[in-house]
Amino acid sequence: MEWNLRRMESELRQINPDLLQPSKSFKKPSAGTVTLNVGGFLYAAHRSTLARHQGSMLEELASGKKPVQHSDSMGNPFIDRDGPVFRHVLNFLRTGELQLPDDFREGGLLRREAAFYRLDALAAAVADWEAQRTLRREPAFLEVTDSHERSQGLKVYCSDPGFIDKVKGRLVQISKSRLDGFPEEFEVSSNVIQFRHFVKSEPGSRLVLKQDSTFLCTLESLKLETVMLALRSDFKLITSLDSSKGSVVVAEALHFVK
């Protein structure tokens, strides 16, 4: 048996001497990168990424301020924390933003992990994300009313101030030289846009859309624009429309929920 092994080894060397040598393509990890074993999951990152937040546990680990207390069998620093959720910690360090999937359900766990790693910015971002998620869970109501008497003009009410901001962002008055102001013809609060007078189509009182400075907006166009913004924002129309009356812009009241 021993002779056969020596013979096979000799034949292999004749065919390809590299087969019995360590792989020449193997490269040692760069000194600029760190591989961490977090709860059995391996993550590789640049040292500068881990050291992005001064005073954090990961910054101390990457900079050598804190000695490695535990290592795995491969010599990687081992952190006995939740492995899967660490990817969100690492992505936050890389981008500076908290980007979580829509179906993420472990906000409390991620907040505790942020506290463990002493990442105050991440903990604050998770708290904001949880607050926004709670707000999104509450049904939002949108009402677009047009009496057609032209004394009240068009009124847009929404329980979600963010949608009102979207409508405001689309309106710019042509006659104003400052494009960052809101036209005086509108009375605006956090939840309501009330057109004080009917916006006529004569020069000087026309409105345009920011994304298309060639589009002259009448009251009907603004109403249609609001409806399109609502649909793109996942609002659902709950008003029954009378098809015999033509376009949606002739309806006196439109109601949406999200």
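Going by the structure above, here's the rest.
Residues numbered from 1 in each chain as written. Predicted model: local features only at pLDDT ≥ 70, side-chain atom pairs only at ≥ 80, totals over all residues. Heavy atoms only, no water.

Participant: Is there a simple way to explain the pairing of strand 4 (residues 141-146) in this structure?
Facilitator: Strand residues, when the strand is regular, have side chains that alternate between the two faces of the sheet. Burial along strand 4 is one-sided: the face carrying Leu142, Val144 and Asp146 is buried and the face carrying Phe141, Glu143 and Thr145 is not. Relative to strand 12 (residues 253-257), strand 4 is paired through five bridges, and the arrangement is antiparallel. Bridge pairing in strand 12 links Phe141 to Val257. Of the strand pairs in this sheet, strand 4 and strand 5 (residues 154-158) are connected by five bridges, and their pairing is antiparallel. (Buried < 20%, exposed > 50% of the residue type's maximum accessible area, 1.4 Å probe, protein only. Helix = DSSP H or I, 4+ residues; strand = E, 2+ residues; numbered from the N terminus. Pairing = 2+ DSSP bridges.)

Participant: Can you walk me through helix 5 (residues 107-116) in this structure?
Facilitator: Helical periodicity: at 3.6 residues per turn, an α-helix aligns residues three or four positions apart in one direction. What helix 5 keeps buried is the set Gly107, Leu109, Leu110, Glu113 and Ala114. One face of helix 5 carries all of its buried residues, which in axial projection span an arc of 160°. Turned more than 90 degrees off the buried face of helix 5, the exposed positions are Arg112 and Ala115. In the segment just after helix 5, Arg118 is the residue with positive phi, at about 60°. (Arc of directions from axis to C-beta.)

Participant: How should I be thinking about the environment of Arg94 in this particular structure?
Facilitator: Mapped onto the fold, Arg94 is located in helix 4 (residues 86-95). Note on Arg94: relative accessible area 41%, which makes it partly exposed. Counting along the chain gives 48 residues from Arg94 to His46, while the straight-line C-alpha distance between them is 9.4 Å. Not counting residues up to four positions away in its chain, the partners in contact with Arg94 are Ala44, Ala45, Thr49 and Arg52. (Contact = heavy atoms within 4.5 Å.)

Participant: Help me understand the side chain of Ser233, please; the structure alone is not making it clear to me.
Facilitator: Topologically, Ser233 is positioned in the loop between helix 8 (219-232) and strand 11 (236-237). Filtering out sequence-adjacent residues up to four positions away, Ser233 remains in contact with Phe163, Lys166 and Lys258.

Participant: What is the right way to read the pattern of salt bridges from this model?
Facilitator: Opposite charge on two side chains lets them pair, provided their charged atoms get close. All chains considered together, the criterion is met by five salt bridges. Glu130 is the partner of Arg111 in a salt bridge, and the nearest nitrogen-oxygen pair spans 3.1 Å. In this pair, Arg111 is assigned in helix 5 and Glu130 in helix 6 (residues 120-137), connecting sequence segments 19 residues apart. The partly exposed category is assigned to Arg111, whose relative accessible area is 35%. With relative accessibility at 23%, the residue Glu130 sits in the partly exposed group. (Salt bridge = Lys/Arg side-chain N within 4 Å of Asp/Glu carboxyl O.)

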